[in-house]
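Results of the structural survey
Listed here are the chains, written in short residue letters.
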Amino acid sequence: MKMKNNIITAFLLLMAGPWSMAHAQRVMTLKECIAAARTGNTRAKDAQNDILMAKEQQKYARSKYFPMLGASAFHFESSEELIKIQLLDDETERDIAELFEESGLEFDSTFGLIKHGSSAGLTMIEPLYTGGRLTSYNRLADLQVDARKMLQDVADDEIVMSTEFLYYKVLELHELDKTLDAMEKELDNIHQDAVNIYENGIVNKNDVLSVELIQDQLSALRIKTANGCRLLRRALAKYIGMADEDIDVDTTLTADIVEPKQLWTEVHQALENRTETRLLDIWVEKSVLERKIAKASMLPVVGIGGTLNYSKYLDKGQTKAIAFVGMQMPLSAFWSERHEYKRKKLEEKKAQDFRMDKRELITLQIQDAYDNLESTYKQVQIAEKSIRRAEENLRINREHYKGGLTTMTVLLDAQRQQQQALTQHTSAVSEYLQAKTRYLILTGRRDHQR
């Protein structure tokens, strides 16, 4: 019987092994999460598709440099001949017809031609002069590709920052759980001290109940922390394109806190390095090209071409080739399209003003990002001092409580201050690391995470 139970247990373990491995939780570092988000995030996929669409538009614009080629084919069948030919005049035909009637015969000098026929043709037209429209259209298509690539970089920057935000929120809850675990052990010690002192008759049972109440609150907080952590891990997995996987983050909180002045860069240089600044330049160039296209609509179009045609309406087919040069002059454009041209000139001026305004805002954004980096760095330093002071304060109050020199309320308050100091330090480090990433991205150093 024992051997049978061992066999069943081994079989169940063998069946459960692959299942457990398939559903094992995957622990990911920040770089791994960012790499997954760059390919799996919906916005990253959309940005890549936008680039492919822009490239197809670019190819379409370039195809307009090539000759326009057209082919046609035609065949018809008629119930009667299309061309009627009368050999004799009406009077002569009547006289002859009367003679034939006397003999009982019919006479008709008319006969028809072309009752059916076929034709096929090939036409080619090459534009020689379009007022610069083709060149401007192609340049616009090139700008579209460049702009889409830059917008992909902008989307990538936002994906990096959003991934870091979710990652560090999960990490903060893990660090909070570690803190609560340490507090739980600390409360167990305090509770044991309170019980011992109570049993010796030094204090009443209120101290013991106070500790137990804090322990209950701590247990409830740990449950909420665990639930919040699970929710954030799912949100992170969904954001990086791994919604079907059970992932967790590497719980090692980095100690690489670099002083802000080591990361500082000159604001003007950072402005020129920004992707958004180059996008503003593209926006202005786009408005210039659109103005040129509006002007070209008032200019003539010259083209050269030829046709090759084959037709067969009688018994013998014929082939003809024709070459031509043509010009089209849009006369009405002088009193209609000129208004569109004036509107495009105003749009160009508006784009230039928009660029100037946004460059100033980007400058302020860069300065604000550095100020925030300095602020979060100082918060980390303050939090580190607070931890040391809170730990020392807790140690002193624990000894005083054992010696009957302080109350349980003061001791529990010291323990609460230690918890707050540890939690604030984790939050401060998280905010500093996010501020560092944001500052590096906003100063054009977006490859720091690659």
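Each residue is numbered by its place in its chain's sequence as written, counting from 1. Per-residue local features of the predicted model are confined to residues with pLDDT of at least 70, and side-chain atom pairs are confined, for both listing and counting, to 80 or more; whole-chain, interface and lining totals are unaffected and use all residues. Remark: hydrogens and water are excluded; side-chain values derive from all non-hydrogen atoms of the structure.

Attention shifts here to the overall build of the protein chain. A count of helical and extended segments in the protein chain gives 10 helices and 8 strands. Counting every position in the protein chain, which comprises 450 residues, the buried fraction comes to 35%. Long-range pairs, those at least 24 residues apart, make up 84% of the contacts in the protein chain with a sequence separation of at least 6. Entry remark: accessible area of the protein chain is about 28,100 Å², with carbon and sulfur atoms responsible for 56%. Under the scheme used here, helices are H or I runs from DSSP no shorter than 4 residues and strands are E runs no shorter than 2 residues, and both carry numbers assigned from the N terminus. Only protein chains enter the calculation, and the probe is 1.4 Å; a residue is then buried if its accessible area is under 20% of its type maximum, exposed if over 50%, and partly exposed in between. We call two residues in contact whenever any of their non-hydrogen atoms come within 4.5 Å of each other. The accessible surface values rely on the Shrake-Rupley method and a 1.4 Å probe; as for residues, cover is taken only from the protein chains in view.

Whether two aromatic rings pair depends on their centres lying within 6.5 Å, for rings of Phe, Tyr and Trp, where Trp uses its six-membered ring; planes under 30 degrees apart make the pair stacked, over 60 edge-to-face, and the rest tilted. Applying the stated criterion to the full structure yields 4 aromatic pairs. An angle of 90° between the planes, with centres 5.6 Å apart, marks the rings of Tyr-167 and Tyr-168 as edge-to-face. Put simply, a charge is over a ring when the Lys NZ or the Arg CZ is close to the ring centre, within 6 Å, and near the line of the ring normal, within 35 degrees. Stacked on the ring of Trp-283, the Lys or Arg Lys-286 has its end atom at 4.9 Å from the ring centre.

A few words on the confidence of the model for the protein chain. One number per residue, pLDDT, summarises how confident the predictor is, and it ranges from 0 to 100. Summarising the model, the protein chain shows a mean pLDDT of 84, and 86% of its residues fall at 70 or more. Per-residue pLDDT stays below 50 along residues 1-22; that stretch engages in 0 contacts with residues further than four places along the chain or on separate chains.

A few words on the nonpolar core. Of all hydrophobic cores here, the largest spans 61 residues; its most connected members are Tyr-167, Leu-236, Ile-240, Met-408 and Tyr-432. The dominant element in this core, judged by the number of residues it contributes, is helix 5 (residues 133-199), at 16 residues. Setting aside residues up to four positions removed in sequence, Met-408 forms contacts with Ile-190, Ala-194, Asp-207, Ser-210, Val-211 and Tyr-401. To form a nonpolar core, buried Ala, Val, Leu, Ile, Met, Phe, Trp, Tyr and Cys residues must be joined to one another through side-chain atoms within 4.5 Å. Ala-147, Leu-279, Leu-289 and Ile-293 belong to the second largest nonpolar core, which has 9 residues in total.

A few words now on the packing of helix 5 against helix 6 (residues 206-239). Throughout, an axis means a line fitted to C-alpha atoms (over the contacting stretch in the case of helices), and angles, computed between N-to-C directions, take values from 0 to 180 degrees. In contact at an axis separation of 9 Å, helix 5 and helix 6 are set at 165° when each is read in the N-to-C sense. Considering their axes alone, helix 5 and helix 6 lie roughly antiparallel with respect to each other. With respect to the hand of their crossing, helix 5 and helix 6 are arranged in left-handed fashion. Taken together, the residues of the contact of helix 5 with helix 6 break down into 23 nonpolar, 8 polar and 9 charged. An angle below 35 degrees is read as roughly parallel, one above 145 as roughly antiparallel, one from 65 to 115 as roughly perpendicular, and any other as oblique. Each crossing is labelled by how the near helix is turned from the far one, with a counterclockwise turn of less than a right angle marking it left-handed and a clockwise turn marking it right-handed. Amino acid classes used here: Ala, Val, Leu, Ile, Met, Phe, Trp, Tyr, Cys and Pro are nonpolar; Asp, Glu, Lys and Arg are charged; the rest, including Gly, are polar.

Moving on, we come to the environment of Asp-371. Among the secondary structure elements, Asp-371 is positioned in helix 9 (residues 333-402). Owing to a relative accessible area of 48%, Asp-371 belongs among the partly exposed residues under this scheme. Considered as a pair, Asp-371 and Ala-435 are 64 residues apart in the sequence and their alpha carbons are 9.6 Å apart.

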